[in-house]
Amino acid sequence: ATRHQRAWDMTRHRVGLQISLLRTARGWSMEELSDLARVSGSVIAYLEAGDLEKASLPELKRLAHAFDVVLIVDFEDFRQFLPANYDQERAAGDR
């Protein structure tokens, strides 16, 4: 897999895990979160499974509001996100 794919996989997993942990820490079912955030239960299930492509940015913002957290979208250099082998892959032409 390319570094782009690995970074995307890490992001998908991280966001899905965060949503699941935030929801369960509050003792909410997916249905309760769906009602609070005005996001369909199927989108929440997809997100928790790491399928970010099923959700829109406005839906993610509504989830953040329901959790009373800030949603941050960052663009990061690969050296910070995947530091272990960035230089080797760049030298090999993995873009």
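Whatever comes next refers back to the structure up there.
Residues numbered from 1 in each chain as written. Predicted model: local features only at pLDDT ≥ 70, side-chain atom pairs only at ≥ 80, totals over all residues. Heavy atoms only, no water.

J.: Any chance you could explain the overall build of the protein here in plain terms?
T.: Scanning the protein from terminus to terminus reveals six helices and zero strands. Listed N to C, the secondary structure of the protein is α-α-α-α-α-α in terms of helices and strands. Partitioning the intrachain contacts of the protein with sequence separation of at least 6 by distance along the chain shows that 62% fall at a separation of at least 24. Total accessible area on the protein is roughly 6,500 Å²; 53% of this is exposed by carbon and sulfur atoms. (Helix = DSSP H or I, 4+ residues; strand = E, 2+ residues; numbered from the N terminus. Contact = heavy atoms within 4.5 Å. Areas by Shrake-Rupley, 256 points an atom, 1.4 Å probe, with all protein chains shown as cover.)

J.: Would you mind going over the environment of Lys-61 with me for this structure?
T.: With respect to the secondary-structure elements, Lys-61 resides in helix α4 (residues 57–67). Separated by 10 residues in sequence, Lys-61 and Leu-71 place their C-alpha atoms 6.4 Å apart.

J.: What's the story with the pattern of salt bridges in this structure? I'm lost.
T.: When the charged atoms of two side chains lie near each other, side chains of opposite charge can form a pair. In this structure the tally under the stated criterion is two salt bridges. Two residues, Asp-9 and Arg-12, come together in a salt bridge whose shortest N-O distance is 3.4 Å. Here the residue Asp-9 and the residue Arg-12 both occupy positions in helix α1 (residues 3–25), the gap between them amounting to three residues, near one helical turn. Relative accessible area serves as the criterion here: at 29%, Asp-9 is assigned to the partly exposed category. Glu-48 is paired through a salt bridge with Arg-23; the nearest N and O atoms lie 2.6 Å apart. Taken together, the residues Glu-48 in helix α3 (residues 41–48) and Arg-23 in helix α1 connect sequence positions 25 residues apart. Of the two residues examined, Glu-48 and Arg-23, each falls in the buried class. (Salt bridge = Lys/Arg side-chain N within 4 Å of Asp/Glu carboxyl O. Buried < 20%, exposed > 50% of the residue type's maximum accessible area, 1.4 Å probe, protein only.)

J.: Would you mind showing me how to read unusual backbone geometry here?
T.: For residues that are not glycine, phi is negative in most cases, and the peptide bond is trans in most cases. The residue Arg-38 is not glycine, and still its phi comes out positive at about 55°. A relative accessible area of 61% means that Arg-38 is categorised as exposed. Of note in the backbone geometry, Asp-68 takes a positive phi value of approximately 60° without being a glycine. Within the secondary structure layout, Asp-68 lies in the loop between α4 and α5 (78–81).

Functional significance is not addressed by these values, which are geometric in nature.
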